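For reference, the chains in residue letters:
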Amino acid sequence: MAPAVPRSGDAIFANVERVNAELFTLTYGAIVRQLLTDLEEVDEVNKQLDQMGYNIGIRLIDEFLAKSNVTRCVDFRETAEVIAKVGFKMFLGVTASVTNWDTEGTCCSLILDDNPLVDFVELPDTCQGLYYCNILSGVVRGALEMVSMKTEVTWVRDMLRGDDAFELQVKLLKQVPEEYPYKDDE
Amino acid sequence: MQFFGGSEISPSPPVPTASGNNAHMMYIFNRNGVCLLYREWNRPLRTLDSNQDHKLMFGLLFSLKSLTAKMDPSSTEKGNLGVPQLPGQGCSFHSFRTNTYKLSFMESPSGIKIILVTHPKASDLRESLKYIYNLYVEYVVKNPLYTPGTPIRSVENLIDFNFHYTIGPEASYSTQLLTNMCEVSDDLAQVSLLQHLVYNG
């Protein structure tokens, strides 16, 4: 039997069930607004968004693996390419590009062409420290953790703060191989 | 509006074997060795209590994977036998057959292991295993009331119905019929709608 071929992001995006983009954007905006009202501190909101993203990421990875048929990526470069081309396309409908590799190949930047979360959004002066799309950094971190990669994901450039693009920096801290979970004497 | 099972599960469920000899047992483990699901349809002999049985099964798979990775003739660099491997790395086996049963195995890169024990004459079950993985994603992972890493309880989700009718004895019912029949309560629907939107984009 032939092994399953990985599907491209476009093919999966066409098959998967979608919701209205504006509904998604407005719902996300309502969530951030509510978090700001409840927590008041911008740093707390950033942390909470990251945590929410992490919880989403640990589940999202299984759906991604099931629908896209990717096999184990050989190294981190391939992982970043797969996230940018297949992952973002499949879930958000946008592609990202991978740039700024460091010499060891453990740190790269994902540049998003457009970001559906930030349509219609402007940050007021009181919230200038807010990373509005921090949920995405949590999602990437959570998903990679479930495939044994501990990473640190931060926003380098954010258009809502006046930069010219959305740039997410993904840094691989370490790979954690699985160990036999039971002790020998049990 | 359907909240679960709205998107198409791919691939389509495998055709049940004509002789009706479907699965005897099924296990699902996560990467930490927790047995998420255990179902049996035909098991005449039980030698151990269930905890021991799960540990034995998990240990068996772990050792077999180490062994196959070490014996791989095509890869150049191999660790020593017993060195922990990343899930999905190195070559892994997909089934073994004895004279009384056949065990089929699939592991995802996220560490979810699915095991089916069937009649020894069963054909290659990799498609069925992929289908089960898709069911797991659709009904367990997307269920907002399920905590990842804990055993799946049949009350919480619809996966049990799907397994029973596609893999177990009554393999002639279709899964779509069953998902349509299952009622979802109102507050569950509210929560899952929001999760579904935020999660699916």
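Residues numbered from 1 in each chain as written. Chains lettered and ligands numbered in written order. Predicted model: local features only at pLDDT ≥ 70, side-chain atom pairs only at ≥ 80, totals over all residues. Heavy atoms only, no water.

## With respect to the overall build of chain A
Our working definition: Strands here mean DSSP runs of E at least two residues long; helices mean DSSP runs of H or I at least four residues long; both are numbered from the N terminus. When accessible area is computed with a 1.4 Å probe and restricted to protein chains, residues below 20% of their type maximum are described as buried, those above 50% as exposed, and intermediate ones as partly exposed. Residues count as neighbours in contact if any of their non-hydrogen atoms are within 4.5 Å of one another. Using a 1.4 Å probe, the Shrake-Rupley method yields the accessible areas, and only the shown protein chains count as cover for residues. Counted as positive: Lys and Arg. Counted as negative: Asp and Glu, with His and the chain ends omitted from the count. For this purpose, a charge sits on NZ of Lys, CZ of Arg, CG of Asp or CD of Glu.
Of regular secondary structure, chain A possesses five helices and four strands. Listing the helices and strands of chain A from first to last along the sequence gives α-α-α-α-β-β-α-β-β. When the backbone C-alpha atoms are referred to their principal axes, chain A occupies close to 55 × 45 × 35 Å. Relative to its full complement of 186 residues, chain A shows a buried share of 49%. Residue pairs at least 24 apart in sequence account for 60% of intrachain contacts in chain A once pairs closer than 6 positions are excluded. Within the structure as shown, chain A displays about 9,400 Å² of accessible surface, and the carbon and sulfur contribution to it stands at 51%. Taking the average place of the 17 positive charges on the side chains of chain A and the average place of its 32 negative ones, the gap between the two points comes to 3 Å.

## Section: the overall build of chain B
When its secondary structure is counted, chain B shows five helices and five strands. The proportion of buried residues among the 201 residues of chain B is 49%. For chain B, the proportion of contacts with a sequence separation of at least 24, taken over those separated by at least 6, is 54%. Carbon together with sulfur atoms contributes 55% to the accessible area of chain B, which is approximately 10,200 Å² in total.

## Details of the sheet that holds strand β2 (residues 107-112) of chain A
Residue and element names in this part refer to chain A. To keep it simple, the criterion reads: Being paired, for any two strands, means DSSP has found at least two bridges between them. Here an axis means a line fitted to C-alpha atoms, over the contact stretch when the element is a helix, while the angle between two N-to-C directions is reported on a 0 to 180 degree scale.
With antiparallel pairing, the four strands of this open sheet are ordered in space as β1-β2-β4-β3. Since the sheet does not close on itself, it has two edges, and those belong to β1 (96-99) and β3 (149-157), each with one partner. Within the sheet, the average angular offset between the axes of one strand and its neighbour, ignoring direction, is 25°. Bridging between β2 and strand β4 (residues 166-175) involves six bridges; their strand directions are antiparallel. Bridged to L110 within β4 is L168. Taken strand by strand, helix α4 (residues 76-92) contacts β1, β2, β3 and β4, and its axis lies near 15° from that of β2. Helix α5 (residues 134-146) contacts β2, β3 and β4 of the sheet and is inclined by roughly 160° relative to β3.

## Points about the packing of helix α3 (residues 42-68) of chain A against α4 of chain A
Residues and elements named next belong to chain A. Heads up, the rule is: Relative orientations are named as follows: roughly parallel for angles under 35 degrees, roughly antiparallel for angles over 145 degrees, roughly perpendicular for angles from 65 to 115 degrees, and oblique for any other angle. In this count, Pro and Cys sit with the nonpolar residues alongside Ala, Val, Leu, Ile, Met, Phe, Trp and Tyr, while Asp, Glu, Lys and Arg are called charged and the others, Gly among them, polar.
Contact geometry for α3 and α4: axes closest at 11 Å, N-to-C directions at 100°. When the axis of α3 is compared with that of α4, the two are roughly perpendicular. Side by side, α3 and α4 meet where L60, E63, F64, K67 and S68 of the first sit next to V82, V86, G87, M90 and F91 of the second. Of the residues in the contact of α3 with α4, the class split is six nonpolar, two polar and two charged.

## Digging into the pairing of β1 of chain A
Residue and element names in this part refer to chain A. Burial of the side chains of β1 is restricted to one face: A96 and V98 are buried, whereas none of S97 and T99 on the reverse face is. Of the strand pairs in this sheet, β1 and β2 are connected by four bridges, and their pairing is antiparallel. Residue V98 lies in a different strand from β2, and its bridge partner there is L110.

## Side note on α3 of chain A
Three or four residues apart is the spacing at which side chains of an α-helix point the same way, because the helix has 3.6 residues per turn. All names here are of chain A. For the record, the criterion: Expected span, for any helix, means 1.5 Å times one less than how many residues it has.
Between the first and last C-alpha of α3 there are 36 Å, a value that for 27 residues agrees with the 39 Å anticipated at 1.5 Å per step. Of all 27 residues that make up α3, 20 are buried, and the element is covered over most of its length. N69 sits one or two residues past α3 and shows a positive phi near 55°.

## Some words on the packing of aromatic side chains
The description of two aromatic rings rests on the distance between their centres and on the angle between their planes. The condition that has to hold: What counts as a ring pair is set by centres within 6.5 Å for rings of Phe, Tyr and Trp (its six-membered ring), and what kind of pair is set by the plane angle: stacked under 30 degrees, edge-to-face over 60, tilted for all other angles. By definition, being over a ring means that NZ of Lys or CZ of Arg is both within 6 Å of the ring centre and within 35 degrees of the ring normal.
Overall, the coordinates contain 11 aromatic pairs over all chains when judged by the stated rule. Summarising the aromatic geometry, the rings of F96 of chain B and Y101 of chain B are spaced 6.1 Å apart at their centres and angled 65° between planes, so their arrangement reads as edge-to-face. In this structure an aromatic cluster arises from ring pairing among Y27, F29, Y38, F58 and F62 of chain B. Against the face of Y131 of chain A rests R161 of chain A, its NZ or CZ located 4.2 Å from the ring centre.

## Quick look at the pattern of salt bridges
A side chain with one charge may pair with a side chain of the opposite charge, provided their charged atoms come close. Put simply, the rule reads: Salt bridges are counted wherever a side-chain nitrogen of Lys or Arg sits within 4 Å of a carboxyl oxygen of Asp or Glu.
In this structure the tally under the stated criterion is 15 salt bridges over all chains. Linking E145 of chain A and K150 of chain A is a salt bridge whose minimum nitrogen-to-oxygen distance equals 3.9 Å. For E138 of chain B, the salt bridge goes to K142 of chain B, with nearest N and O atoms at 3.6 Å. For the residue pair E138 of chain B and K142 of chain B, the accessibility class agrees, reading buried in each case.

## Concerning a negative patch on the surface
All names here are of chain A. This is how it is decided: Within the patch definition used here, like charges are joined within 9 Å and nonpolar side chains (Val, Leu, Ile, Met, Phe, Trp, Tyr) within 5 Å, considering only residues with over 30% relative accessible area and no salt bridge.
A grouping of E22, D113, D114 and D119 is seen on the molecular surface, where their side chains present a negatively charged patch. With respect to the helices, strands and loops of the structure, D114 is situated in the loop between β2 and α5. Given a relative accessible area of 44%, D114 falls into the partly exposed group.

## Concerning the environment of S137 of chain A
All names here are of chain A. To be explicit about the condition: Here a polar contact is taken to be a pair of N or O atoms separated by no more than 3.5 Å, where protein atoms must pair a possible hydrogen donor with a possible acceptor and residues adjacent in sequence count only if both atoms sit in side chains.
Relative to the helices and strands, S137 resides in helix α5. Of the residues examined, S137 reaches a relative accessible area of 1% and is grouped as buried. Separated by 15 residues in the primary sequence, S137 and E152 place their C-alpha atoms 8.6 Å from one another. Ignoring anything within four residues of it in the chain, the contact list for S137 reads D50, V153, W155 and L168. Polar contacts involving the side chain of S137 include one to the side chain of D50, which spans 3.3 Å. Only 2.8 Å separates the side chain of S137 from the backbone oxygen of N134, close enough to count as a polar contact.

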